[in-house]
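Residue strings, one per chain:
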Amino acid sequence: MAEETPNLSEVHEFLIELAGKAGELITSAHPLINGVGSKKNSSDLVTETDRAVEAVVSDALRTKYPDYEFMGEETYHPSKPLTEAPTFIVDPIDGTVNFVHGFPSACISLGFAVGYEPMVGVVFNPFTNTLYSAIKGQGAFMNRTKKLPLKGDDVEPLNGLSSALIAVEWGSDRSGANWETKLRTFESLGKSKEQGGAMVHSMRSMGSAALNLCSVASGVLDLYWEGGCWAWDVCAGWIILTEAGGIMADGNPGNWQPRVDSRRYLAVRGSPKGEGQTELVEEFWSHIKGTLSYSDE
Ligand code: IPD
């Protein structure tokens with residue numbers, strides 16, 4: 001455990017500097033669709049660039065902050081789960097499938113949590129040059145100056161799922177109970193009210209949990225539901241979301257305070273005085289057909 005209280009502003013600046021360096025590595029790489037490695041199956045990809053970026057970032061963080069823990073996607077092992085200690089939680093490339101295909105929705109996600117609570121977040125998409133960042137208690141910003149949500153005080157009230165644009169993700173598990181829960185829930189979200197559905201405006205799958213959360217923080221999406229991703233996918237985006245007035249609930253019904261490593265999430269954007277947020281979460285929960293369940297392996 002570190003002896004001194006972390007200097008969050010300093011951490012924020014350092015993470016932004018690292019994000020810029022990582023962005024150069026990511027945009028100068030040339031991954032080949034047929035040449036990349038897979039982890040547990042053919043849609044769970046990892047590239048040399050994921051590993052190289054994580055090595056650069058972890059070296060830099062361990063050198064500057066030797067007292068803080070480090071958790072990264074490419075070096076994670078279940079024997080070393082997240083603890084209360086100040087921890088950098090890093091996904092070197094969130095949206096690896098997009099990165100491999102050249103679909104410009106990928107980013108580096110650099111989070112810092114203390115006592116399991118996200119405190120600093122930096123998410124940088126080097127393909128669009130978009131930087132999202134936040135420090136606990138200090139608001140969330142796009143490209144350092146544009147406060148989130150983008151509409152500011154003009155952000156519209158939430159008005160239920162039938163007028164919502166939402167994000168969901170397919171994930172890399174394509175069979176089993178979690179897959180069935182997702183499919184049946186997607187159906188319920190999409191279909192008409194006459195058939196008992198929510199008939200959302202539409203659903204997006206942009207392939208990066210961190211960028212989905214930043215889109216909800218920005219207010220261009222109303223909600224994001226996820227099951228199966230990891231603390232490194234959400235830590236940075238989480239604090240950006242909540243600093244923009246959004247809330248994070250559990251991806252399964254009933255829990256309003258999920259942990260950052262719970263692997264199930266439901267993010268809702270900010271609205272005037274938070275109106276409609278709890279209603280939207282409860283309405284969403286009522287459409288979940290099954291139970292999401294993940295281990296830390
Ligand atoms: C993935 C993305 C995706 C989410 C998956 C993650 P990766 O991260 O965040 O949106 O649905 O669960 O694994 O593998 O590209 O770092």
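Predicted model only: the values in this text are computed from it and were never measured. (Residues numbered from 1 in each chain as written. Predicted model: local features only at pLDDT ≥ 70, side-chain atom pairs only at ≥ 80, totals over all residues. Heavy atoms only, no water.)

1. Structural notes on the sheet that holds strand β11 (residues 202-204)
For step 1, the next point in the chain: Read from one edge of the open sheet, 5 strands run β11-β10-β12-β14-β13, paired in mixed fashion. Each edge of the open sheet is held by one strand with a lone partner, namely β11 and β13 (247-249). Shown here is a sheet whose adjacent strand axes are inclined to one another by a mean of 20°, direction ignored.
For step 2, the next point in the chain: Pairing between β13 and strand β14 (residues 264-268): 3 bridges, direction antiparallel. For isoleucine 247, the partnering residue across the bridge sits in β14 and is valine 268.
For step 3, the next point in the chain: Its contacts with the sheet place helix α4 (residues 177-190) against β10 (165-168), β11 and β12 (223-227), and it is angled at close to 160° to β12.
For step 4, the next point in the chain: Strands β13 and β14 of the sheet are contacted by helix α6 (residues 231-243), whose axis makes an angle of about 25° with β14. (Pairing = 2+ DSSP bridges. Helix = DSSP H or I, 4+ residues; strand = E, 2+ residues; numbered from the N terminus. Axes fitted to C-alpha atoms, helices over the stretch in contact; angles between N-to-C directions. Contact = heavy atoms within 4.5 Å.)

2. Section: the site of the ligand
For step 1, the next point in the chain: Taken together, the neighbourhood of the ligand is formed by 13 residues, with Asp91, Asp94, Gly95, Thr96 and Ala209 sitting nearest.
For step 2, the next point in the chain: Glutamate 73 places a polar side-chain atom, nitrogen or oxygen, 3.0 Å from an oxygen atom of the ligand.
For step 3, the next point in the chain: Serine 208 places a main-chain nitrogen or oxygen 3.3 Å from an oxygen atom of the ligand.
For step 4, the next point in the chain: Protein chains bury 86% of the 380 Å² of accessible surface belonging to the ligand in isolation.
For step 5, the next point in the chain: Here the shell around the ligand takes 3 residues from strand β4 (residues 87-94), the largest share from any one element.
For step 6, the next point in the chain: Counted by class, the shell around the ligand contains 3 nonpolar, 4 polar and 6 charged residues.
For step 7, the next point in the chain: When residues of the shell around the ligand are assigned to domains, at least three map to each of domain 1 (8-147) and domain 2 (154-285). (Near = heavy atom within 4 Å. Polar contact = N/O pair within 3.5 Å; in protein donor to acceptor, adjacent residues only side chain to side chain. Areas by Shrake-Rupley, 256 points an atom, 1.4 Å probe, with all protein chains shown as cover. Nonpolar A, V, L, I, M, F, W, Y, C, P; charged D, E, K, R; others polar. Domains from an automatic or database assignment.)

3. Points about the side chain of asparagine 212
For step 1, the next point in the chain: Secondary-structure assignment places asparagine 212 in helix α5 (residues 209-218).
For step 2, the next point in the chain: Non-local contacts of asparagine 212, meaning those with residues more than four positions away in its chain, are made with Ala167, Glu169, Met206, Leu221 and Tyr224.

4. Side note on the pattern of salt bridges
For step 1, the next point in the chain: In total, this model carries 12 salt bridges according to the counting rule given.
For step 2, the next point in the chain: A salt bridge links lysine 39 to glutamate 74; its shortest N-O distance comes to 3.4 Å. Linking lysine 39 in the loop between β1 (37-38) and β2 (45-46) with glutamate 74 in the loop between β3 (69-72) and β4, this pair joins segments that are 35 residues apart in sequence.
For step 3, the next point in the chain: With a relative accessible area of 36%, lysine 39 lands in the partly exposed category. (Salt bridge = Lys/Arg side-chain N within 4 Å of Asp/Glu carboxyl O. Buried < 20%, exposed > 50% of the residue type's maximum accessible area, 1.4 Å probe, protein only.)

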